[in-house]
Amino acid sequence: MIGVIGGSGVYSLDGMRVDASEQCATPYGPPSGPLLRGELSGAPLLFLARHGPQHHLPPHQVNYRANIWALRECGATALVTIAAVGGIRGDCRPSALVLPDQILDYTWGREHTFFAGDGQAVVHVDFTEPYDAEMRDALARAAADNKLTVVTGGAYAAMQGPRFESAAEIVRLERDGAAVVGMTAMPEASLARELGLRLAAVNIVVNPAAGKGDGGVSMDEIHRRLADGAERVNRLLARALPALWTLAQSREPLPAPVPQNG
Ligand code: HPA
C-alpha cells in the first residue's frame, strides 16, 4: 500500500474515499495524527498529515519516527511525501512542483534513527539515492499525462527551522548544490530507508528562498501559493496513485538493514 504524508496545506487528499481513521500507538509515541485508510483512484492508500490535522506541530517537533513506524505498521510499503519549499535554483520558481532526487541534511537534535538504543546492533543504511527513481518517473509521467509541469531532479536542503534562512545561508546552500530548501525531509527520508520503505517526494515551491526574491520571505505569498500548489498536487496524486500502486506490487521489498560487528 502507498502511504502519503501531507505537508503544509495538504491535510487530506481530494477524492480519497476514507474507510477508517486509525489512532496508532508506536514504541516512539503517537504519530502526528490519525492515519486515514482508504482508496484514491482505485488504489489503496494511507494518509497522514505531517503537522497534524490542525497544523499544530512545527517541523522540529514532528515525531518522524512515530509517523514512519505507524505507516509501515499499518501496511505502507512505499511513501510519497508532500512538502512546501523555498526555491533556490533558477528553474524552481514559486508555484513550481519539484520531484527531488537528492537530500542535503542540515537538521540537528531530531530523533533521527530507529537504531539508537543502548546495546542495539550498529546499523548503517545505504542512502546514496534517498529517493526512488522509478516512483519519481511514475510521478513525472502522471504529471505529463495531466498537463502539469514538474521539475524532475534537484537536491532538497533540509534545514532545522522553524525560522526561515538568512540570505547568506541560502548562498551557502546554493553553493552546496541545493535546488530547494525545506524543513521536513530529514529525518523522514532516512527513517523510511531504515524501515525499507521506498520513497518519492513532491515539493511545492511556495516562495523564492531568502535573498532570491524582492524583500524577505512573505507568509502571505506562501499561503497563496500553497492553496494553488495543493490543488495541483492533489490532481497529480489522483493520477499517479494507480501507477505507484502497481509499481509497489511488482517490486521486492528493500533489503533489511544489516547489523555490523564494529
Ligand atoms: N525555507 C525553508 N523552508 C521552507 C521555505 C523556505 O524558504 N519555504 C517553505 N518551507
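Each remark here, short or long, concerns the structure printed above.
Throughout what follows, the structure given in this document is the object of discussion. Small disclaimer: the values here were computed from a predicted structure and weren't measured.

Topic: the pattern of salt bridges
Here's step 1: Applying the stated criterion across every chain, the model contains 16 salt bridges.
Here's step 2: Of the charged contacts, one joins Arg 172 and Asp 176 as a salt bridge, the two residues approaching to 4.0 Å between their closest N and O atoms. Residue Arg 172 and its partner Asp 176 are both found in helix α3 (residues 167-176); the two are separated by 4 residues, about one turn of the helix.
Here's step 3: For Arg 172, a relative accessible area of 40% puts it in the partly exposed group.
Here's step 4: Taking relative accessible area as the criterion, Asp 176 reaches 39% and is therefore assigned partly exposed.
Here's step 5: Among the salt bridges present, the one from Arg 225 reaches Glu 221, with a minimum N-O distance of 3.1 Å. Linking Arg 225 with Glu 221, this pair stays in helix α5 (residues 219-250), spanning 4 residues, or about one helical turn.

Observations concerning the packing of helix α1 (residues 64-73) against helix α4 (residues 185-194)
Here's step 1: One can describe the packing of α1 onto α4 by two numbers: an axis separation of 9 Å at closest approach and a directional angle of 40 degrees. Between α1 and α4, the interaxial angle falls into the category oblique. Classified by chirality, the crossing of α4 by α1 is right-handed. Along its contact with α1, which presents Tyr 64, Arg 65 and Ile 68, the element α4 presents Met 186, Pro 187, Glu 188, Leu 191 and Ala 192.
Here's step 2: Residue composition of the contact of α1 with α4, grouped by class: 6 nonpolar, no polar and 2 charged.

Points about the site of the ligand
Here's step 1: Around the ligand, a shell composed of Ala 84, Val 85, Gly 86, Phe 164, Glu 165, Val 181, Gly 182, Met 183, Val 206 and Asn 207 is seen.
Here's step 2: In the model, a nitrogen atom of the ligand is placed 2.7 Å from a nitrogen or oxygen of the Glu 165 side chain.
Here's step 3: Relative to its unbound accessible area of 260 Å², the ligand is 93% covered by the protein chains.
Here's step 4: For the shell around the ligand, the elements supplying multiple residues, two or more each, are β5 (78-87), β11 (178-182) and β12 (198-208).

Things to note about the nonpolar core
Here's step 1: Counting 39 residues, the largest nonpolar core has Val 4, Leu 13, Leu 139, Leu 237 and Leu 244 as the members making the most contacts within it.
Here's step 2: Every element with two or more residues in this core is listed here: β1 (2-6), β3 (35-40), β4 (43-49), β5, β6 (97-99), α2 (133-145), β12 and α5.
Here's step 3: Looking at this core element by element, the count peaks at 11 residues for α5.
Here's step 4: Dropping the residues within four chain positions of it, Leu 139 is found in contact with Leu 99, Ala 200, Val 202, Leu 236, Leu 237, Ala 240 and Leu 244.
Here's step 5: Grouped together as the second largest cluster of nonpolar side chains are 38 residues, Leu 79, Tyr 131, Ala 201 and Val 205 included.

Details of the environment of Val 151
Here's step 1: By secondary structure assignment, the location of Val 151 is in strand β9 (residues 150-152).
Here's step 2: Its relative accessible area of 12% is what places Val 151 among the buried residues.
Here's step 3: Taking the C-alpha atoms as reference points, Val 151 and Cys 92, 59 residues apart in sequence, are found 7.2 Å from one another.
Here's step 4: Filtering out sequence-adjacent residues up to four positions away, Val 151 remains in contact with Arg 89, Asp 91, Cys 92, Ala 96, Leu 97, Val 98 and Leu 99.

Quick word on the packing of α2 against α5
Here's step 1: Taken N-terminus to C-terminus, the directions of α2 and α5 make an angle of 140 degrees; their axes are 9 Å apart at the nearest point. Taken together, α2 and α5 sit at an angle that is classed as oblique. Judged by the sense of rotation from one axis to the other, the crossing of α2 with α5 is right-handed. Along the contact surface, α2 presents Glu 134, Met 135, Ala 138, Leu 139, Ala 142, Ala 143 and Asp 145, while α5 presents Leu 236, Leu 237, Arg 239, Ala 240, Ala 243, Leu 244 and Leu 247.

Procedures and definitions
- Residues numbered from 1 in each chain as written.
- Predicted model: local features only at pLDDT ≥ 70, side-chain atom pairs only at ≥ 80, totals over all residues.
- Heavy atoms only, no water.
- Salt bridge = Lys/Arg side-chain N within 4 Å of Asp/Glu carboxyl O.
- Helix = DSSP H or I, 4+ residues; strand = E, 2+ residues; numbered from the N terminus.
- Buried < 20%, exposed > 50% of the residue type's maximum accessible area, 1.4 Å probe, protein only.
- Axes fitted to C-alpha atoms, helices over the stretch in contact; angles between N-to-C directions.
- Parallel < 35°, antiparallel > 145°, perpendicular 65-115°, else oblique.
- Left-handed = near helix turned anticlockwise from the far one by under 90°.
- Contact = heavy atoms within 4.5 Å.
- Nonpolar A, V, L, I, M, F, W, Y, C, P; charged D, E, K, R; others polar.
- Near = heavy atom within 4 Å.
- Polar contact = N/O pair within 3.5 Å; in protein donor to acceptor, adjacent residues only side chain to side chain.
- Areas by Shrake-Rupley, 256 points an atom, 1.4 Å probe, with all protein chains shown as cover.
- Core = buried A, V, L, I, M, F, W, Y, C linked by side-chain atoms within 4.5 Å.

In short, shape yes, function no, at least from these values alone.
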